[in-house]
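Spelled out from the first residue to the last, the chains are:
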Amino acid sequence: MVEKGMDEGVFRESFDDDEITVIGIQQSQSHFSPAQPSMTKDSPIVSPQNLLSPQLKSAGESLLMLYGSAETVFIADALSATRFALGSIRKNIVAVMREVTVPLRIVDDIWTMNVVLADESCKKLECIVAHSVLVDLIGLNPEEAVAIRASKDKARRREGTLRLKSVQESMERLDVVWEVEFYACASSTPVVRKMQTLAQKLGLIR
């Protein structure tokens, strides 16, 4: 049996059974700060709102004001408003696209497409997507699209195909604000006149 003294304690080594026993190890002084005292019923309660910096508070209030200025409405409210209007009215709605009822195509040299929009107030609102909206989404007018389709350049045709596919992907976003024109005549199909993301609508991006 061999005993060896060290500054941090004493090792006693047993060579018979290869067992090492540590005796009297001194604990080193902790470098961590003492634990915070527990909260009692008399401890002051700090609101999370009070922890926000003035800059963050101001930014949050500004966003709320911007959202209010966007003047978005539910589909049901827009439909109700048409009963008191002459001709047509345009309303901004935050809705999701449920399905495409008429696929993207060219008719009489213009883009056409019909979609179904929905929100918590209305499960189905079929709309015509205006030609100008589709041109903005695709980045091509019908004449250019026809020329690309007839091109012998595979890369050019592939690029045209990707642009057409991106239209539906853009419409399936959950943050789209749809500017829809509703008509007083109930039999007339509403028309999507403009599409923007919520960030664009609030002026957060240019």
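In this report, the structure presented in the accompanying data block is examined. Predicted model, so just to flag it, every value in this text is computed and none were measured.

**Some thoughts on the environment of Met97**
Reasoning step 1: Among the structural elements, Met97 can be located in strand β6 (residues 96-107).
Reasoning step 2: According to the relative accessible area criterion, Met97 is buried, its value standing at 11%.
Reasoning step 3: With 22 residues separating them in the primary sequence, Met97 and Asp119 have C-alpha atoms 9.1 Å apart.
Reasoning step 4: Met97 has contacts with Val115, Val116, Leu117, Gln168, Met171, Glu172 and Trp178, leaving out every residue within four places of it along the chain.

**Notes on the sheet that holds strand β8 (residues 122-129)**
Reasoning step 1: Taken in spatial order, the 7 strands line up as β4-β5-β9-β10-β8-β7-β6 in an open sheet, and their pairing is mixed. Only two strands of the sheet have a single partner each, and these edge strands are β4 (72-73) and β6.
Reasoning step 2: As paired strands, β4 and strand β5 (residues 88-94) are joined by 2 bridges and run parallel to one another. Residue pairing for β5: Thr72 is matched across the bridge by Asn92.
Reasoning step 3: Docked against the sheet, helix α4 (residues 131-138) engages β6, β7 (110-119), β8 and β10 (191-197), running at close to 95° with respect to β7.

**Points about α4**
Reasoning step 1: Where α4 is concerned, the buried positions are Val133, Leu134 and Ile138. Buried residues of α4, viewed axially, fall in a sector of 120°; they line one side.
Reasoning step 2: For α4, the elements touching its buried residues are β6, β7, β8, α6 (154-171) and β10.
Reasoning step 3: After α4 finishes, the residue Gly139 shows a positive phi value of roughly 85°.

**Here we look at the nonpolar core**
The tendency in soluble globular proteins is for nonpolar side chains to be buried side by side.
Reasoning step 1: With 30 residues, the main nonpolar core has Leu117, Leu134, Met171, Trp178 and Val180 as its most contacted residues.
Reasoning step 2: Discounting residues that sit within four places of it in the chain, Val180 has contacts with Ile89, Arg90, Lys91, Ile93, Leu117, Cys127, Pro190, Val191 and Val192.

**Notes on the side chain of Asp119**
Reasoning step 1: Inspection of the secondary structure puts Asp119 in strand β7.
Reasoning step 2: Look at Asp119: it is buried, it has no salt bridge, and the nearest opposite charge is Lys123 at 7.5 Å.
Reasoning step 3: Polar contacts involving the side chain of Asp119 include one to the main-chain amide nitrogen of Ile75, which spans 2.9 Å.
Reasoning step 4: If we ignore the near neighbours within four places in the chain, the residues touching Asp119 are Phe74, Ile75, Val94 and Ala95.

Calculation criteria
- Residues numbered from 1 in each chain as written.
- Predicted model: local features only at pLDDT ≥ 70, side-chain atom pairs only at ≥ 80, totals over all residues.
- Heavy atoms only, no water.
- Helix = DSSP H or I, 4+ residues; strand = E, 2+ residues; numbered from the N terminus.
- Buried < 20%, exposed > 50% of the residue type's maximum accessible area, 1.4 Å probe, protein only.
- Contact = heavy atoms within 4.5 Å.
- Pairing = 2+ DSSP bridges.
- Axes fitted to C-alpha atoms, helices over the stretch in contact; angles between N-to-C directions.
- Arc of directions from axis to C-beta.
- Core = buried A, V, L, I, M, F, W, Y, C linked by side-chain atoms within 4.5 Å.
- Lys, Arg positive; Asp, Glu negative; His and termini not counted.
- Salt bridge = Lys/Arg side-chain N within 4 Å of Asp/Glu carboxyl O.
- Polar contact = N/O pair within 3.5 Å; in protein donor to acceptor, adjacent residues only side chain to side chain.

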